[in-house]
Amino acid sequence: MTFPDRLRAGYDSFLQGRFVGEQSRYQSLAEAGQKPEILMFGCIDSRVSPEVIFDAAPGEMLVVRNVANIVPPYEPDREFQHGTSAALEFGVQALRVKHIVVLGHASCGGIRAFADEQEPLSPGDFIGRWMSQIQPAAESLEPRDHSDPDYLRRLELAAVELSLRNLMTFPCVRILVERGKLQIHGAYFAVATGRLLIRDSETGEFKPAAEGGALNSLNAAE
């Protein structure tokens, strides 16, 4: 098998460019270990890279990506645990992150698959079973109106809200939040426009992260 040429070229560019400029940072990270202050839960969608969106340097963010950026509830009695809960435990308990962000996004394929009740892609129906976890978010928007063009967007935002509630079911998260040592945040990225909405913890409303300037040219509807 041939390793993808695109990856070889990308690595060569990285090695001659960014790595040279940040070599001392990589050396420090290798010797001292990572100490990110932010744990980010994002979607596997290739268009929505948290490191790119937030211009993050190596070691700044611990990023966990899954279909539709879902954080499941605390379920310690399950025989097999999925990687999301393990990553959460590592970030909070071992790395002592100070912020957890759930980053939703527009045009999410997982959300659409759930809303449209699409046929399974395989006999295992791994996507369908995974996405069934957002049923409580969908119920909060009932009745489901597929004719409403805004329905998917509202469901994408509701799924972020659900993940934030699920985070608080983890004792290690709840205790640290209550002690003021950890903050949790919701955000939403519009792929077509680059617009970022941040959830107001007081009102629950998602508001633009930036106003004026270049944002004036963006499509506010998304």
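Residues numbered from 1 in each chain as written. Predicted model: local features only at pLDDT ≥ 70, side-chain atom pairs only at ≥ 80, totals over all residues. Heavy atoms only, no water.

*Asks:* Sorry, what's going on with the overall build of the chain here?
*Replies:* The secondary structure content of the chain amounts to 10 helices and 6 strands. Computed over C-alpha atoms, the radius of gyration of the chain comes to 19 Å, within 12% of the 17 Å expected from 2.2 N^0.38 for 222 residues, which places it in the range of a compact globule. Taken along its principal axes, the extent of the C-alpha atoms in the chain is 55 × 50 × 40 Å. When burial is assessed residue by residue, the chain has 36% of its 222 residues classed as buried. Where the 22 positive side-chain charges of the chain centre and where its 30 negative ones centre are 5 Å apart. (Helix = DSSP H or I, 4+ residues; strand = E, 2+ residues; numbered from the N terminus. Rg over C-alpha atoms; globule rule 2.2 N^0.38 Å. Buried < 20%, exposed > 50% of the residue type's maximum accessible area, 1.4 Å probe, protein only. Lys, Arg positive; Asp, Glu negative; His and termini not counted. Charge placed at Lys NZ, Arg CZ, Asp CG, Glu CD.)

*Asks:* Would you mind showing me how to read the pairing of strand β5 (residues 196-199) here?
*Replies:* Along a regular strand, successive side chains alternate from one face of the sheet to the other. Direction of pairing for strand β4 (residues 183-189) relative to β5: antiparallel, over a ladder of 3 bridges. The residue bridging tyrosine 188 from the neighbouring strand is leucine 197, located in β5. Hairpin remark: β4 followed by β5, antiparallel, with 6 residues in the connecting loop; positive phi at glycine 194, about 80°. Two elements, β5 and strand β6 (residues 206-208), share 3 bridges in a ladder whose sense is antiparallel. By the bridge assignment for β6, isoleucine 198 is matched with lysine 207. Linkage of β5 to β6, two consecutive antiparallel strands, is achieved through a turn of 6 residues, within which glycine 204 is found at a positive phi near 80°. (Pairing = 2+ DSSP bridges.)

*Asks:* Could you clarify how one ought to interpret unusual backbone geometry in this entry?
*Replies:* The general pattern is negative phi for most residues beyond glycine and trans for most peptide bonds. Phi at alanine 68 is positive, roughly 70°, even though this residue is not glycine. Among the structural elements, alanine 68 can be located in the loop between β2 (61-66) and α5 (83-94). If you check the backbone angles, serine 107 has positive phi at about 55° while not being a glycine. One can find serine 107 in the loop between β3 (99-105) and α6 (109-115). Classification of serine 107 by relative accessible area gives partly exposed; the value is 46%.

*Asks:* It is not clear to me how the nonpolar core should be interpreted in this structure. Could you clarify?
*Replies:* The nonpolar side chains of a soluble globular protein tend to be buried with one another. Residues Leu39, Phe41, Leu88, Val92, Ile100, Leu167 and Val173 are the most contacted members of the largest nonpolar core, which totals 25 residues. Of all the elements in the fold, those that place two or more residues in this core are β1 (38-43), β2, α5, β3, α9 (151-167) and α10 (171-178). Here the element with the most residues in this core is α9; it accounts for 4 residues. When neighbours within four sequence positions are excluded, phenylalanine 41 is seen to be in contact with Val64, Asn69, Val71, Thr84, Leu88, Ile100, Val101, Val102, Leu103 and Leu167. Grouped together as the second largest cluster of nonpolar side chains are 19 residues, Cys43, Ile70, Ala137 and Ala158 included. (Core = buried A, V, L, I, M, F, W, Y, C linked by side-chain atoms within 4.5 Å. Contact = heavy atoms within 4.5 Å.)

*Asks:* Looking at this structure, I do not really get the pattern of salt bridges. What am I missing?
*Replies:* Summed over all chains, the structure comprises 8 salt bridges. Two residues, arginine 18 and glutamate 22, come together in a salt bridge whose shortest N-O distance is 2.5 Å. Assessed through its relative accessible area of 42%, arginine 18 is described here as partly exposed. The class for glutamate 22 is buried, based on a relative accessible area of 19%. A salt bridge links glutamate 161 to arginine 199; its shortest N-O distance comes to 3.0 Å. In this pair, glutamate 161 is assigned in helix α9 and arginine 199 in strand β5, connecting sequence segments 38 residues apart. We classify arginine 199 as partly exposed; its relative accessible area is 24%. (Salt bridge = Lys/Arg side-chain N within 4 Å of Asp/Glu carboxyl O.)

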